[in-house]
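One-letter residues, chain by chain:
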Amino acid sequence: MKFPTVFLFMLSLFSPAKVNLFLRILSKRNDGYHNLSSVFQAVSLGDVLNVSLHHKDELTCDNPSLPVDGSNLVLKAVQLFRNKTGLKLYFKVQLNKKIPFQAGLGGGSSNAATMLWACNQLAKTFIPSAILQQWSGEIGSDVPFFFSLGTAHCTGRGECVHDLPFLGDQSLFILKPQGGLSTPEVFRRLSVNHPVCEQVNRTDVETFLTGSFSYFNDLEKAAFEINPELLKLKLLLLEQGFKHVVMSGSGSSFFCLGEAALPKLSNVTIFSTRFINRSASNWYKVS
Ligand code: C5P
């Protein structure tokens with residue numbers, strides 16, 4: 001007797017977090033966004049997406065506090081893929097979450113980029129990654145970065161991505177205090193209380209590339225106004241001997257570079273991680 005052959009193919013993809021090694025806010029735009037200049041770096045802290053073709057969209061997550069409805073960027077990525085390609089394909093996604101939310105680590109954006117990559121693989125549409133990158137800016141400002149090779153200078157509202165040489169296998173700590181910060185709220189506070197630099201500072205990325213790395217984040221002041229405990233945490237970590245302690249994105253997490261011992265901290269989750277990059281033909285992997 002002959003049985004029909006059923007191919008049940010599941011892709012398991014790593015979805016990395018990012019840190020902003022520097023983040024300069026340049027100007028407020030008429031569309032409400034801010035022009036920025038930032039070096040983004042992918043790190044080995046990340047989520048995993050298990051994706052297969054399905055008769056309908058179905059998203060589940062091991063963290064029950066994450067909404068799994070249409071507001072989730074994973075499902076927004078699926079909808080975008082259908083809209084752009086005209087294909088009536090649906091996906092089952094199981095998301096294992098490690099990247100904390102409201103942390104400035106780009107977790108949702110990374111999940112969306114990873115999902116677009118998965119759709120392209122499973123649908124065998126062979127859309128060039130530069131096109132996926134261009135589409136992905138419609139989901140959010142941080143999504144296109146993840147189609148770089150892991151180290152990039154991002155400008156515009158974040159969606160103009162220029163690949164940079166890899167920075168090497170640098171290890172770092174990421175610390176996430178219990179409270180998160182809302183990205184729109186931090187940007188809103190910035191425009192009210194902190195006039196922004198109108199000049200494009202081209203020297204930032206040039207300085208960075210010549211090896212005199214400078215790490216800073218123009219959103220810190222606004223974030224510290226919303227939650228003064230964050231400034232206390234930064235000062236404590238600097239006192240501890242870390243060379244650089246900088247908030248990532250719109251916070252509330254910090255990354256710490258340099259050799260120092262971590263103090264005893266309550267209500268702070270600590271991740272020991274490292275910079276990662278990918279090759280042009282493969283998605284991110286951690287060994
Ligand atoms: O693009 P995304 O949806 O991630 O942005 C969330 C919010 O963050 C925007 O609505 C805006 O308030 C703020 N934002 C900004 N300038 C940027 C990126 C984000 O003002 N470059």
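We now turn to the structure provided with this report. (Residues numbered from 1 in each chain as written. Predicted model: local features only at pLDDT ≥ 70, side-chain atom pairs only at ≥ 80, totals over all residues. Heavy atoms only, no water.)

## What to know about the environment of Asp57
Inspection of the secondary structure puts Asp57 in the loop between β2 (34–54) and β3 (58–61). Taking relative accessible area as the criterion, Asp57 reaches 25% and is therefore assigned partly exposed. Remark: the alpha-carbon pair of Asp57 and Asp69, spanning 12 residues in sequence, is separated by 10.0 Å. Not counting chain neighbours up to four residues away, the residues in contact with Asp57 comprise Leu75, Val78, Arg82, Tyr90 and Phe91. Reaching out from Asp57, the side chain makes a polar contact with the side chain of Arg82 at a distance of 2.6 Å. Of note is the side chain of Asp57, whose polar atom sits 3.1 Å from the backbone nitrogen of Phe91. (Helix = DSSP H or I, 4+ residues; strand = E, 2+ residues; numbered from the N terminus. Buried < 20%, exposed > 50% of the residue type's maximum accessible area, 1.4 Å probe, protein only. Contact = heavy atoms within 4.5 Å. Polar contact = N/O pair within 3.5 Å; in protein donor to acceptor, adjacent residues only side chain to side chain.)

## Thoughts on the pattern of salt bridges
By the definition in use, this model includes 10 salt bridges. Taking the shortest distance from any N to any O, the salt bridge between Asp31 and Arg29 comes out at 2.8 Å. Note that Asp169 and Arg274 form a salt bridge whose closest N and O atoms lie 3.9 Å from each other. In this pair, Asp169 sits in the loop between β6 (160–163) and β7 (171–177) while Arg274 sits in strand β11 (residues 268–274), placing the two residues 105 residues apart along the sequence. (Salt bridge = Lys/Arg side-chain N within 4 Å of Asp/Glu carboxyl O.)

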